[in-house]
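Residue-level structure breakdown
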Amino acid sequence: MDKKLVSREEDYSKWYNELVVKAGLAENSAVRGCMIIKPYGYAIWEKMQSQLDKMFKETGHENAYFPLFVPKSLFEAEEKNAEGFAKECAIVTHYRLQNDPDNKGKLRVDPKAKLEEELIIRPTSEAIIWSTYKNWIQSYRDLPILINQWANVVRWEMRTRLFLRTAEFLWQEGHTAHETENQAIEETKMINNLYADFAENFMSMPVIKGVKSKNETFAGAEKTYCIEALMQDGKALQAGTSHFLGQNFAKAFDVKFADREGKLNYVWATSWGVSSRLMGALIMTHSDDRGLVLPPKLAPYQVVFVPIYKNDEQLDSISKLVKELRYRFSEKGITTKFDNRDTKRPGEKFAQHEIQGVPIRITIGPKDLEKKSLEIFRRDSLKKEFIEIDKSVDHVIHLLEQIQTNLYSRALNFRDENITEVDNFEDFKNVLESKGGFISAHWDGTDETENKIKELTKATIRCIPEQGEFSSGKCIFSGKPSAQKVLFAKAY
RNA sequence: CGGGAUGUGGCGUAGUUCGAUUAGCGCACACGGCUGGGGGCCGUGGGGUCGCAGGUUCAAAUCCUGUCAUCCCGACCA
């Protein structure tokens, strides 16, 4: 099979890029670091979006939309947040172009159109949102505010990678305001659990829930909760974060409310987000050498019908059957597509749907019509079977469930096999070099040790896990006492 | 911003060391036909002036200078 994609042993990033392009998910744009999301990729994103949106709404959140531009004075209000993002901001300084007198047919920036105050293109929206919340909140009766926004943000990254890191990306960001510290913390945790639920039950991607070390905590947050996933090349990927912001933004933007006793208090805040990076996570969790593998719950269509025919009469009778089947499938909530393009041959269609990760393919030809059966192919195991037409609907329902859980358990096995317990720094380095994956080890809790390990090995603390072993021990690097093991890994 | 590399039809490339036919090939594309149960076959055809600017030369994709862009490796990050 010389036509398959670059094999796993070869450069993983090349493999990843080729896959993204060949599957028709996205491509690089002419603008450096930016990405064009193609229809098929966007369809998957929309699936994720609508599911997450539903989950947010079920937990009491509403959608709203805030401006793309953040005046610099607002942006710098919360100092830590501003400092954290300053190095990667795109800035609007002018609002008009004019004909260039020295260069016919070209335009130039009109020097007279300089903005009095620069506008930052949001790298995240805390600033603009909290400057707004100030006006919305007077009393505890105005709380909580539970708002989510679907938006694009810009972070001027040095090095980019399709979906995983692009200069502009799509995401959702939740921004909530609460009466008490406890309520805000509960919200932060609830959202992190919601993200984990989404990752595991919809993306079939196992994640580890935990808290970030101080070093890795979001700029401006008190505490960052996260979900961490492991990719097939042994690198970790931060899949979602939920931040407890304390009163930092309330103080920076002077957002006070009258509490139940009539006293003025700063409100408590959270923010949380997942981005189009989840697309990258999805790809890097399940794909194989034939291409993308999609969990049925996120596939733009779950079943594709491919007809095989020699003449119009054959196609007609196949089409008739497909039409009926599609109707029966859609009654059961299964999404289908009939690939009756006359411009491609079956073999090419098979290959294309495999690259695109369609969970189930049903092939129908004259032989099947005769035998009243169908050829059903599942993408995850690459196995074919023949099923009687009358039993096909129930069978496909069952198969889709199986694929969904099979993908999860496959990924879970891989993940668990790649968590290594380590007791000393030598082993730590060896495992990191040879095997990769997560390394569970004791850490003394200091920034200093964390930075030193990062410097020496490029591994960072992905999270302090919520669950697992809590026995105390000695830090593998400094030998100082440690309360619990934390997870290290090289990360995207 | 530091280190390395590369720019040749839509994509991938050969040619560059050592200057010389009409810049070659594969894929893709278009047309015709055979086909059709895993990226099939045959034939025909269209499309490039070699990233850009300048220089050397009888002659430049090839040599020189400058410039722009992209990619990879670092630092930074969801």
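Residues numbered from 1 in each chain as written. Chains lettered and ligands numbered in written order. Predicted model: local features only at pLDDT ≥ 70, side-chain atom pairs only at ≥ 80, totals over all residues. Heavy atoms only, no water.

**Considerations on the pattern of salt bridges**
Under the counting rule described, the total for this entry stands at 26 salt bridges. The salt bridge involving Lys-57 is made with Asp-53; its shortest N-O contact spans 2.5 Å. Here Lys-57 pairs with Asp-53, and both are found in helix 2 (residues 39-58), just 4 residues apart, close to one helical turn. For Lys-57, a relative accessible area of 45% gives the class partly exposed. Asp-423 is the salt-bridge partner of Lys-485, the closest N and O atoms lying 4.0 Å from each other. Of this pair, Lys-485 sits in strand 27 (residues 485-489) while Asp-423 sits in the loop between strand 22 (419-421) and helix 13 (425-434), placing them 62 residues apart in sequence. Owing to a relative accessible area of 11%, Lys-485 belongs among the buried residues under this scheme. Among the charged side chains, a salt-bridge network with shared partners connects Lys-212, Glu-216, Glu-228 and Arg-462. (Salt bridge = Lys/Arg side-chain N within 4 Å of Asp/Glu carboxyl O. Helix = DSSP H or I, 4+ residues; strand = E, 2+ residues; numbered from the N terminus. Buried < 20%, exposed > 50% of the residue type's maximum accessible area, 1.4 Å probe, protein only.)

**So, the domain arrangement of chain A**
By domain assignment, chain A separates into domain 1 (12-70 + 127-286), domain 2 (301-398) and domain 3 (419-489). Its C-alpha centre places domain 1 at a distance of 27 Å from the equivalent point of domain 3. At the junction of the two partners, domain 1 supplies 18 residues and domain 3 supplies 17 residues. When domain 1 packs against domain 3, close to 1400 Å² is buried across both sides, 52% of that on carbon and sulfur atoms. By the criterion of area lost to domain 3, the three top residues of domain 1 are Ile-208, Ser-213 and Asn-215, representing 32% of everything that side buries. Viewed at the interface, domain 3 and domain 1 are joined by 3 salt bridges. Note that Lys-214 and Asp-447 form a salt bridge whose closest N and O atoms lie 3.3 Å from each other. Connecting domain 1 to domain 3 are 9 residue pairs in polar contact (both at pLDDT 80 or more). (Domains from an automatic or database assignment. Contact = heavy atoms within 4.5 Å. Buried area = accessible area lost by both parts, 1.4 Å probe. Polar contact = N/O pair within 3.5 Å; in protein donor to acceptor, adjacent residues only side chain to side chain.)

**Comments concerning a nonpolar patch on the surface**
On the surface, Leu-97, Leu-107 and Val-109 cluster together to form a nonpolar patch covering roughly 290 Å² of accessible area. Relative to the elements of secondary structure, Leu-97 occurs in strand 6 (residues 97-99). Looking at Leu-97, the relative accessible area reads 51%, which means it is exposed. (Patch = residues over 30% accessible without salt bridge, like charges linked within 9 Å, V, L, I, M, F, W, Y side chains within 5 Å. Areas by Shrake-Rupley, 256 points an atom, 1.4 Å probe, with all protein chains shown as cover.)

**Side note on a negative patch on the surface**
A surface patch of like charges, here negative, comprises Asp-312, Glu-313, Asp-316 and Asp-342. Its location among the elements puts Asp-312 in helix 9 (residues 312-331). A relative accessible area of 54% places Asp-312 in the exposed class. (Lys, Arg positive; Asp, Glu negative; His and termini not counted. Charge placed at Lys NZ, Arg CZ, Asp CG, Glu CD.)

**Here we look at the sheet that holds strand 13 (residues 236-246)**
Read across the open sheet, the 11 strands follow the order 3-9-10-16-13-12-11-24-27-23-22; overall the sheet is mixed. Two strands close off the open sheet at either side, each with one partner strand: strand 3 (62-63) and strand 22. Direction of pairing for strand 23 (residues 438-442) relative to strand 27: antiparallel, over a ladder of 4 bridges. The residue of strand 27 that forms the bridge with Ser-440 is Leu-487. Contacts from helix 2 reach strand 3, strand 9 (145-154), strand 10 (168-178) and strand 16 (268-275), with the element oriented near 160° to strand 9. (Pairing = 2+ DSSP bridges. Axes fitted to C-alpha atoms, helices over the stretch in contact; angles between N-to-C directions.)

**Remarks on the protein's contact with RNA strand B**
In the neighbourhood of RNA strand B, 35 residues make up the surrounding shell, with Arg-159, Arg-165, Arg-277, Arg-345 and Asp-368 lying closest. The contact atoms of RNA strand B, taken as those within 4 Å of the protein, divide so that sugar and phosphate hold 35%. Within the side chain of Gln-238, a nitrogen or oxygen atom sits 2.6 Å from a sugar or linking oxygen of RNA strand B. Broken down by secondary-structure element, the contributors of at least two residues to the surface near RNA strand B are helix 10 (346-355), strand 19 (360-364), helix 11 (366-371) and strand 20 (373-378). (Near = heavy atom within 4 Å.)

**Section: the confidence of the model for chain A**
Chain-level pLDDT for chain A is 92 on average; 97% of the residues reach the 70-or-more range. In the model output, the complex is listed with pTM 0.94 alongside ipTM 0.84. (pLDDT = per-residue confidence, 0-100.)

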